[in-house]
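Analysis of the macromolecular model
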Amino acid sequence: MEYRTDEQFNEIFISALNGQWKQAIQQTEEYGFYASDLIKKQQEFKEMGMHTFKDIDLCILSEGAEKLRHKS
């Protein structure tokens, strides 16, 4: 399985956009995104003119994924 791909970032975005935050956080953890990865993909998507997260949303995803990582 590849990690931290554009497609995976987009899946996370769509989940969050649809209000499925628990799923988005689980995907963030499963796909191996950390805060720096989310910021990098966010910038890449902005440069391509695509829809992106609000900065606070990146924080929510990152923090939620970290909590899941520490439960394991």
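Structural notes, computed from the coordinates.

Reading the values: rules and limits
Residues numbered from 1 in each chain as written. Predicted model: local features only at pLDDT ≥ 70, side-chain atom pairs only at ≥ 80, totals over all residues. Heavy atoms only, no water. Phe/Tyr/Trp six-rings, centres within 6.5 Å; stacked < 30°, edge-to-face > 60°. Helix = DSSP H or I, 4+ residues; strand = E, 2+ residues; numbered from the N terminus. Buried < 20%, exposed > 50% of the residue type's maximum accessible area, 1.4 Å probe, protein only. Lys NZ or Arg CZ within 6 Å of the ring centre and 35° of its normal. Contact = heavy atoms within 4.5 Å.

**Some words on the packing of aromatic side chains**
For the structure on display, the rule yields 4 aromatic pairs. Between the aromatic rings of Phe-9 and Phe-33, the centroid separation amounts to 6.1 Å while the plane-to-plane angle is 50°, which identifies the pairing as tilted. Taken as a pair, Phe-9 in helix H1 (residues 6-17) and Phe-33 in the loop between helix H2 (21-30) and helix H3 (35-47) lie far apart in primary sequence, 24 residues in all. Residue class for Phe-9 comes out buried when judged on its relative accessible area of 0%. For the ring pair Phe-9 and Phe-45, a centre distance of 4.9 Å and an interplane angle of 65° mean the geometry is edge-to-face. Of this pair, Phe-9 sits in helix H1 while Phe-45 is found in helix H3, placing the two residues 36 residues apart along the sequence. Taken individually, Phe-9 and Phe-45 each receive the classification buried, so the pair is uniform in this respect. Positioned above the aromatic ring of Tyr-34, the side-chain terminus of Arg-69 is 3.8 Å from the ring centre.

**Points about the environment of Ile-12**
Relative to the helices and strands, Ile-12 is located in helix H1. Spatially, the C-alpha atom of Ile-12 lies 9.4 Å from that of Tyr-31, the residues being 19 residues apart in sequence. Once you skip the residues sitting within four places of it in the chain, Ile-12 turns out to touch Ala-24, Gln-27, Thr-28, Tyr-31, Phe-33, Phe-53 and Leu-61.

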